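The primary structure of each chain is shown beneath.
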Amino acid sequence: MPVLFLAGCGTSAPANVSGLRAVAGTDLAGARGATAADQRRIDRTVVGLCAASVWTKGECLKHGERPNG
């Protein structure tokens, strides 16, 4: 059973970017953490959203991440 579950996990773009944008918001674009640990957490979130093309190229650039494409 776990194999079937894991087989569904992939790296393809999300089916509904609008829904993910509504959940994730765009407040983290350009955010800076108070501590190094906070900043790493923010950066990991931003990288994932940019890699999945949830955020626009401009939003990713606002944070300093290079968008796909």
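Residues numbered from 1 in each chain as written. Predicted model: local features only at pLDDT ≥ 70, side-chain atom pairs only at ≥ 80, totals over all residues. Heavy atoms only, no water.

Draft legend 1. Helix H3 (residues 36–51), seen in detail. In this model H3 runs 22 Å from its N-terminal to its C-terminal C-alpha over 16 residues, within 8% of the 22 Å that 1.5 Å per residue would give. Those residues of H3 that fall on the buried side of the exposure criterion are Gln39, Ile42, Val46, Leu49 and Cys50. The arc enclosing the buried residues of H3, seen along the axis, measures out at 95°, which places them on a common side. The inward-facing, buried residues of H3 contact helix H2 (17–24) and helix H4 (57–63). Looking one or two residues past H3, Ser53 carries a phi angle of roughly 60°, positive in sign. (Helix = DSSP H or I, 4+ residues; strand = E, 2+ residues; numbered from the N terminus. Expected span 1.5 Å × (residues − 1). Buried < 20%, exposed > 50% of the residue type's maximum accessible area, 1.4 Å probe, protein only. Arc of directions from axis to C-beta. Contact = heavy atoms within 4.5 Å.)

Draft legend 2. Inspection of the pattern of salt bridges at higher detail. By the definition in use, this model includes 1 salt bridge. Here Arg41 makes a salt bridge to Asp38, at a shortest N to O gap of 3.2 Å. Here Arg41 and its partner Asp38 are both found in helix H3, 3 residues apart, which amounts to about one turn of the helix. (Salt bridge = Lys/Arg side-chain N within 4 Å of Asp/Glu carboxyl O.)

Draft legend 3. Looking closely at unusual backbone geometry. The backbone of Ser53 shows a phi angle near 60°, a positive value even though the residue is not glycine. One can find Ser53 in the loop between H3 and H4. Here Ser53 falls in the partly exposed class, since its relative accessible area comes to 41%.

Draft legend 4. Focus on the state of the cysteines. Applying the stated criterion across every chain, the model contains 1 disulfide. Each sulfur in the disulfide pair Cys50 and Cys60 lies 2.1 Å from the other. Handedness of the Cys50-Cys60 disulfide follows from its S-S torsion of about -115°: it is left-handed. A residue pair is termed long-range when its members are at least 10 positions apart, and Cys50 in helix H3 and Cys60 in helix H4 qualify at 10 residues. The pair formed by Cys50 and Cys60 is uniform in burial state, with each residue classed as buried. (Disulfide = S-S within 2.5 Å.)

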